[in-house]
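# Structural characterization, general
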Amino acid sequence: MSVFPNDSAIVLVHGAWADGSCWNNVILPLQRHGLKVICAPIPLTSLTDDIAALTRALERTSGPVVLVGHAYSGAVIAAVREDRVKSLVYISALAPDEGETVAQVFYRNPPHPEAPKLAPDSHGFIWMSDDGFRRAVAHRASLDQTNIATAVQRPIAVQCIQEPAPTPTWKTKASWFLIAEEDRMINPKTLHFMADRMKAKVQSHPVDHSPMYTEPNLVIDVILDAARETLSR
């Protein structure tokens, strides 16, 4: 029997170069706790577009919600205005303040030596190289996993990272933050800065940028911590 209120939901939001399949290892374990789980598809075309897409996805839920964002989508989950969202969970995610852009926080500290060089194509979209997945996005994952991630990747528009963020809801909602101490995409110093600024409840582990692939139990644990503490309020 679930300890959570009826219709409680976890909404998982992918970041750049990903889709909902990046959460494959955490969906079923969360469902076994009696939680409705949705992987919200965002188009990665602009921050405004992505906020609107997540808002539409929330319409598929009816009860209290925990929003979970990885990487870029940390900016998206904090921009949605919905009272049913009880808490936010950041999985090695970016958390711009009001008026900041994703690019500003992403480049706040020097990049890791293995971080990929990012540049848009002629259409204004940024793709991730095969080497980028293996060396930085998920450097602890198996070759099979990085090959799959490379194959299913979706590009992110430059506009997503250059659009100033609205007032973030982490200023008023409880937040949890899984800091990946071996992150090669976002400098761990930047992760600590953002988590401290939002006064998040922090779990810090020696994992890579994509722990949903490589250490899914840690991701599940932090989501369940947020769910247990906030969904019954």
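This text goes with the structure placed above it.
Analysis parameters
Residues numbered from 1 in each chain as written. Predicted model: local features only at pLDDT ≥ 70, side-chain atom pairs only at ≥ 80, totals over all residues. Heavy atoms only, no water. Helix = DSSP H or I, 4+ residues; strand = E, 2+ residues; numbered from the N terminus. Axes fitted to C-alpha atoms, helices over the stretch in contact; angles between N-to-C directions. Parallel < 35°, antiparallel > 145°, perpendicular 65-115°, else oblique. Left-handed = near helix turned anticlockwise from the far one by under 90°. Contact = heavy atoms within 4.5 Å. Nonpolar A, V, L, I, M, F, W, Y, C, P; charged D, E, K, R; others polar.

A few words now on unusual backbone geometry. Here the phi dihedral of Asp7 falls at roughly 70°; this positive angle occurs in a residue that is not glycine. Looking at the element boundaries, Asp7 is found in the segment before β1 (9-13). The phi angle at Trp17 is positive, at roughly 60°, despite the residue not being glycine. Topologically, Trp17 is positioned in the loop between β1 and α1 (24-31).

At a minimum axis distance of 9 Å, the contact between α1 and helix α10 (residues 216-230) shows a crossing angle of 45°. The pairing of α1 with α10 is recorded here as oblique in orientation. Every pair of crossing elements has a handedness; the one defined by α1 and α10 is right-handed. The residues of α10 that touch α1, namely those facing Asn25, Val26, Pro29 and Leu30, are Pro216, Val219, Ile220, Ile223 and Leu224. A class-by-class count of the residues in the contact of α1 with α10 yields 8 nonpolar, 1 polar and no charged.

At their nearest, the axes of helix α5 (residues 130-137) and helix α6 (residues 143-152) sit 9 Å apart, and the two run at 130° to each other. Between α5 and α6, the interaxial angle falls into the category oblique. Crossing handedness for the pair α5 and α6: right-handed. When α5 is examined against α6, the residues Asp130, Phe133 and Arg134 are found in contact with a partner set consisting of Leu143, Thr146, Asn147, Ala149 and Thr150. In terms of residue class, the contact of α5 with α6 is built from 3 nonpolar, 3 polar and 2 charged.

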